[in-house]
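Structural characterization, general
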Amino acid sequence: MDKKAKTPLLKTVAATWSKYSYVFVFLIILVVYMITINATGNTFNPKHISGILSSQNTVIVGTMAIGMALIIITGQIDLSLGSALVLCTGVTIMSYNATGGNVLVMLLAALGSGLLCGLINGVLVGYAKMPPFIVTLGTMLIYRSLTLSVVRDIDPALTGSSSSQFAMISDMPTYDFLRMKFGTGSLRIAGFQIPYIFFLFIAIALFFIFMMSNTKYGKKIYAVGSNEKTARLTGINVDWIKVSVFAVTGLLVGVASFIQACKIGNVTPASSGTSYEMYAIAAVVLGGVNMAGGKGKILGVFFGALSYTTINFIIVSIPSLSPDIQDTFQGIVLIAVIFIQTVGPVIKEKFKALRKRTATPNQ
């Protein structure tokens, strides 16, 4: 009787874990972070939560990770995100400086430059039939190189800096609103300082959660990633879907560049955005999106971004760890998650087969 009572409970727990594993993973990582902070002689408090929510890896990388998820779900990859972010942020800041702080022009410049970068990738992959790995590897080099060239050759009155970076001019009338209020400001809720930019990230995530779950376009994205040939046979314009996900990702890079400009106020082409495409992939993987395509949830990517940021904070909070070794731990986590993604289902199927073989007819 006890066994019969336990079985439904265990099945419920297993089903809940399987469905929302990314939430539990984040909570486990957060608990480890709390323990690590307390072990170093400090006390975990709401400021640590606010730090996670306002981090670049959460909001900026997380926004781009949503786009990366769409690309990966269709069975593709984009290695140009970090370089595209730098290029778009440069364009965003120059448009702000050139127009005397016009926020609307700044936003349109961010979205337009991001869309253009995404369309270049998408057209080459979707219509020219080029491998996405090679295309985005090439545009990764092109976008950063172009930005480096521009920052060194254009008048400092536009770049906002005499050094090798783009910087928002601080004496513009809208600077205080964009930087101090929106970019770095926050709202106090129940003792927690919730950054305004995190609310924007939530809104973006909710929009794409709805789109992927409740629209024909979202279903077509999953169909292309699950089986491209079958998708073509059912009448789906596969080439257009591939182009569109890169274009949408470009728009999200544009949004991220706007956030970057407002939060940081500058961008350095030589170093900013380095490895951000890898961080985005890590957030996608931690969120449970299958690297083979066809499976994954945007809600998972949201929690994946939070998890990846928290992992970074854990590594940074350990005094004995050299900054040079931090990427090693990030790489180990990424490989471990992909290993579990790949090997887990195989072990599960073998376990089921073993149970069937050992079961008696009476059972």
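The sections below set out a description of the structure shown in this document. Along each chain, residue indices are assigned from 1 in the same order as the chain's sequence is written. Thresholds applied to this predicted model are a pLDDT of at least 70 for local features of residues and 80 or more for the giving and counting of side-chain atom pairs; totals over whole chains, interfaces and linings are not thresholded and use all residues. Processing note: side-chain calculations cover all non-hydrogen atoms of the structure and skip hydrogens and water entirely.

Digging into the packing of aromatic side chains
Applied cut-off: Centres within 6.5 Å are what make two rings of Phe, Tyr or Trp a pair, Trp counting through its six-membered ring; a difference in plane orientation under 30 degrees is then read as stacked, over 60 as edge-to-face, and the rest as tilted. Secondary structure elements are taken from DSSP: a helix is a run of H or I of four residues or more, a strand is a run of E of two residues or more, and numbering for both begins at the N terminus.
In the structure shown here, the tally under the stated rule is 14 aromatic pairs. Here the aromatic rings of Tyr-33 and Phe-313 are separated by 6.0 Å at their centres, their planes lie at 65°, and the arrangement is edge-to-face. Of this pair, Tyr-33 sits in helix H2 (residues 21-39) while Phe-313 is found in helix H15 (residues 298-317), placing the two residues 280 residues apart along the sequence. Among the aromatic side chains, those forming a connected cluster through ring pairs are Tyr-20, Tyr-22, Phe-26, Phe-198, Phe-201, Phe-302 and Phe-303.

Some remarks on the nonpolar core
Selection criterion: Note on terminology: a nonpolar core comprises buried Ala, Val, Leu, Ile, Met, Phe, Trp, Tyr and Cys residues joined through side-chain atoms within 4.5 Å. Only protein chains enter the accessibility calculation, which uses a 1.4 Å probe. A residue is then buried if its area is under 20% of the maximum for its type, exposed if over 50%, and partly exposed in between. When checking whether two residues touch, look at their non-hydrogen atoms; a contact exists if any pair is within 4.5 Å.
Counting residues in hydrophobic clusters, the biggest one holds 96 residues, and the most contacted among them are Ile-66 and Phe-208. With 13 residues, the single largest contributor to this core is helix H13 (residues 238-264). Excluding its chain neighbours within four sequence positions, the residues that come into contact with Ile-66 are Phe-201, Ile-204, Ala-205, Phe-208, Leu-252, Ile-298 and Val-301.

Focus: unusual backbone geometry
Backbone geometry places Lys-129, a non-glycine residue, at a positive phi of 60°. With respect to the element layout, Lys-129 can be found in the loop between helix H6 (103-126) and helix H7 (132-153). The phi dihedral of Ser-275 is positive, around 70°, even though this residue is not glycine. Secondary-structure assignment places Ser-275 in the loop between strand S4 (266-267) and helix H14 (276-286). Classification of Ser-275 as partly exposed rests on a relative accessible area of 27%.

Observations regarding helix H5 (residues 81-98)
This is how the line gets drawn: Helices are assigned an expected span. That span is 1.5 Å times one less than the residue count.
Between the first and last C-alpha of H5 there are 25 Å, a value that for 18 residues agrees with the 26 Å anticipated at 1.5 Å per step. Most of H5 sits out of view: 16 of its 18 residues are buried.

Here's the deal with helix H11 (residues 216-226)
Using the following cut-off: The directions considered for the arc run from the helix axis to the C-beta atoms.
Listing the buried residues of H11 in full gives Tyr-217, Gly-218, Ile-221, Val-224 and Gly-225. The buried residues of H11 occupy one face: seen down the axis, they fall within an arc of 120°. Structural note: H11 exposes Lys-216 and Ser-226 on the side pointing more than 90 degrees away from its buried face. Looking at the packing, one finds that the buried side of H11 touches helix H4 (56-73), helix H10 (196-214), helix H12 (228-233) and H13.

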